[in-house]
Amino acid sequence: MIENVTFDEIAVGQRASYTKTVTERDIQLFAVISGDVNPVHLDEEYASTTPFEGRIAHGMITGALVSAALGMKLPGPGTIYLGQDLSFRKPVKIGDVLTVNLEVKEKRDDKRFVTIACEVENQRGETVALGDALVLAPSEKIRFEAPPLPEVVVRAG
């Protein structure tokens, strides 16, 4: 079951986290969705000549995981994502296990705005991204069973 945290239930200092492994499929799907076919993400031969010494994930895959954490964990379903200040600190590679750690920094009662600190760490405990998100927290409780994700096939064109 997925359940949100309403504005009235949110407390400064409250925490939540969300974890996902970055896969080859994620990188391919993100390239299709965004149109970003930069060879540092898709071409191992080229990427091996860069300072990263291999392919790296698109930075906004990390940003999308922050969005997922906000929309699924804290505050959760019904959240409106208003803005993000996010800086990338380390590259993310295929197979990295990323954990988005959220902590409520501030609540603004007049508009249901919540500022949430976001830190994304890899499996080695290294910070790969850091910043603050601004969200409009839901006012009503939502609880539902998570639907299965759709099956997507990526074929070289």
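Now for a description of the structure that goes with this document. These numbers come from a predicted model, not from an experiment.

**Concerning the pattern of salt bridges**
So, point 1. Using the criterion set out here, one finds nine salt bridges in the structure.
So, point 2. Across the salt bridge formed by K141 and E9, the nearest N and O atoms sit 2.9 Å from each other. Taken together, the positions of K141 in the loop between β6 (127–136) and β7 (143–144) and E9 in the loop between β1 (2–3) and β2 (15–21) put the pair 132 residues apart, joining distant regions of the chain.
So, point 3. Under the relative-accessibility criterion, K141 is labelled partly exposed at 41%.
So, point 4. A relative accessible area of 41% means that E9 is categorised as partly exposed.
So, point 5. With its nearest N and O atoms 2.8 Å apart, the salt bridge here joins E24 to R55. Separated by 31 residues along the polypeptide, E24 in helix α1 (residues 24–34) and R55 in the loop between α3 (44–47) and α4 (59–72) bring together distant segments of the chain.

**Here's the deal with the layout of surface pockets**
So, point 1. Estimated volume of the largest pocket: approximately 690 Å³.
So, point 2. As for the largest pocket, its lining consists of 20 residues, of which Y18, K20, D26, L65 and L149 are closest to the centre.
So, point 3. For the lining of the largest pocket, the leading source of residues is α4, giving six residues.
So, point 4. Split by residue class, the lining of the largest pocket holds 16 nonpolar, one polar and three charged.

**A short note on the pairing of strand β4 (residues 97–108)**
For a regular strand, the rule is simple: side chains alternate between the two faces of the sheet.
So, point 1. By the bridge criterion, seven bridges tie β2 to β4 in an arrangement that is antiparallel. Residue pairing in the sheet places A16 in a bridge with L102 of β4.
So, point 2. Bridge count for β4 against strand β5 (residues 113–121) is nine bridges, and the pairing is antiparallel. Across the sheet, R108 pairs through a bridge with F113, a residue of β5.
So, point 3. The turn linking β4 back onto β5 is made up of four residues, and R112 within it adopts a positive phi angle of 65°.

**Some remarks on the side chain of H41**
So, point 1. For H41, the location among the structural elements is in helix α2 (residues 39–42).
So, point 2. Residue classification places H41 among the buried residues on the basis of a relative accessible area of 6%.
So, point 3. In this structure the side chain of H41 is engaged in a polar contact, spanning 2.8 Å, whose partner is the backbone oxygen of I56.
So, point 4. Residues in contact with H41, not counting those within four places in the same chain, are I27, D36, R55, I56, A57 and H58.

Scoring rules and cut-offs
- Residues numbered from 1 in each chain as written.
- Predicted model: local features only at pLDDT ≥ 70, side-chain atom pairs only at ≥ 80, totals over all residues.
- Heavy atoms only, no water.
- Salt bridge = Lys/Arg side-chain N within 4 Å of Asp/Glu carboxyl O.
- Helix = DSSP H or I, 4+ residues; strand = E, 2+ residues; numbered from the N terminus.
- Buried < 20%, exposed > 50% of the residue type's maximum accessible area, 1.4 Å probe, protein only.
- 1 Å grid on protein atoms, 1.4 Å probe; cavity = no way out; pocket = protein on both sides within 12 Å on 5 of 7 lines; lining within 4 Å.
- Points joined across faces, edges and corners; volume = space filled by probe spheres on them.
- Nonpolar A, V, L, I, M, F, W, Y, C, P; charged D, E, K, R; others polar.
- Pairing = 2+ DSSP bridges.
- Polar contact = N/O pair within 3.5 Å; in protein donor to acceptor, adjacent residues only side chain to side chain.
- Contact = heavy atoms within 4.5 Å.

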